[in-house]
Amino acid sequence: EWQDVQPSGASVMHKDASGNTVTTLGDDLRQEMEFTMVEQYEKPFAEQGIDFKTSTMWLEVLVAVDDNPAETWSRIDILQNFIADYFGDNIPAGKIYPVSRIPNLDGIVEPQPRCIVGSDVTINRSGTVVDGFSTWASFDRSGVREVMVSGVGGDDAGAILGTIDDRIKEAGGTGLKE
């Protein structure tokens, strides 16, 4: 028995102890990301008996940049470092999207994980981290392997597809060309 859990993206938006809606924690991106990962994902998953960190195979992160375009690369660096620190040996595959704003207009980050849970599921990670994420992650279930490859950038479509093909093969797949 296994389950593919893909919750909607979450932000720092929450109710405080007095019942007031909180939409921002200020300008501290790392604090906002940590709050969102722990309070909106890790704790609710733990209540269901799920280890969020080990079951996350993919993480997509939206980061707002229109409020301060000069901070775009700095924000991406902060998120990449946070992901490494937070997940430790279980870094998922994924990508970071710089966007004008996230749906919670006052916040600056919105992560969205994909978690695979169950007794007959094994999540594999490449062990190679590029731009803050494992280059690939895969899971096996019922004799089938699914591979997710982290975002690959560049301006040469052939090179990008070649990199994706190589990573799929590293993960035990047959590649894009087969």
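A brief structural summary. Not measured: the values here are computed from a predicted model.

Considering the environment of E39
Positionally, E39 belongs in helix 1 (residues 29-47). Among the residues examined, E39 registers a relative accessible area of 32% and is labelled partly exposed. Each C-alpha atom, one on E39 and one on H14, is 9.3 Å from the other, the two residues being 25 residues apart in sequence.

With respect to helix 1
The α-helix advances 3.6 residues per turn, and as a result positions three or four apart in sequence lie on the same side. Its 19 residues give helix 1 an end-to-end C-alpha distance of 26 Å, which sits within 8% of 27 Å, the value for a rise of 1.5 Å per residue. At V38, helix 1 is bent by approximately 30 degrees, the largest bend along its length. Along helix 1, the positions that sit buried rather than exposed are L29, E32, M33, T36, M37, V38, Y41 and F45. The N-cap of helix 1, judged by a side-chain oxygen 3.2 Å from the amide nitrogen of R30 a few residues on, is D28. Backbone geometry just downstream of helix 1 places G49 in the positive-phi region, at approximately 80 degrees.

Observations regarding the packing of aromatic side chains
Applying the stated criterion to the full structure yields seven aromatic pairs. On the numbers, 5.6 Å between centres and 5 degrees between planes, the contact of Y41 with F52 is stacked. Pair noted here: Y41 is in helix 1 and F52 is in helix 2 (residues 52-55), with a separation of eleven residues, a long-range link. Since its relative accessible area comes to 1%, F52 is described here as buried. A centroid spacing of 5.2 Å and a plane angle of 65 degrees characterise the contact between F45 and F52, whose relative ring orientation is edge-to-face. Residue F45 is classed as buried on the basis of its relative accessible area of 6%. We note K53 situated over the ring of Y86; from NZ or CZ to the ring centre the distance is 4.4 Å.

Brief notes about the pairing of strand 11 (residues 144-149)
Here strand 10 (residues 136-141) pairs with strand 11 via six bridges, running antiparallel. What sits directly across from W136, in strand 11, is V149. Between strand 10 and strand 11, which pair antiparallel and follow one another directly, the connecting turn spans two residues, one of which, S142, has a positive phi of 50 degrees.

Side note on the environment of D106
Within the fold, D106 resides in the loop between strand 5 (93-99) and strand 6 (109-118). Here D106 is in contact with T23 and T24, once residues within four sequence places are set aside.

Some words on the sheet that holds strand 4 (residues 56-64)
With respect to topology, four strands assemble into an open sheet ordered 1-6-4-5, the strand pairing being mixed. In this open sheet, the two strands that pair with only one neighbour each are strand 1 (2-5) and strand 5. With direction set aside, neighbouring strand axes in the sheet form an average angle of 10 degrees. As paired elements, strand 1 and strand 6 share four bridges and run antiparallel to each other. Counted as the bridge partner of V5 is C115 from strand 6. Packed on one face of the sheet, helix 1 meets strand 1, strand 4 and strand 6 and runs near 30 degrees to strand 6.

Some remarks on the pairing of strand 4
Counting buried residues along strand 4, seven of its nine residues qualify, which places the element largely inside the surrounding structure. Taken together, the seven bridges between strand 4 and strand 6 define a ladder with antiparallel strand orientation. Across the sheet, V63 pairs through a bridge with V109, a residue of strand 6. Of the pairings in the sheet, the one linking strand 4 to strand 5 comprises seven bridges and is parallel in character. Bridge pairing in strand 5 places E60 opposite K95.

About the thresholds
Residues numbered from 1 in each chain as written. Predicted model: local features only at pLDDT ≥ 70, side-chain atom pairs only at ≥ 80, totals over all residues. Heavy atoms only, no water. Helix = DSSP H or I, 4+ residues; strand = E, 2+ residues; numbered from the N terminus. Buried < 20%, exposed > 50% of the residue type's maximum accessible area, 1.4 Å probe, protein only. Expected span 1.5 Å × (residues − 1). Bend = angle between axes of the 7 residues up to and from the residue. Polar contact = N/O pair within 3.5 Å; in protein donor to acceptor, adjacent residues only side chain to side chain. Phe/Tyr/Trp six-rings, centres within 6.5 Å; stacked < 30°, edge-to-face > 60°. Lys NZ or Arg CZ within 6 Å of the ring centre and 35° of its normal. Pairing = 2+ DSSP bridges. Contact = heavy atoms within 4.5 Å. Axes fitted to C-alpha atoms, helices over the stretch in contact; angles between N-to-C directions.

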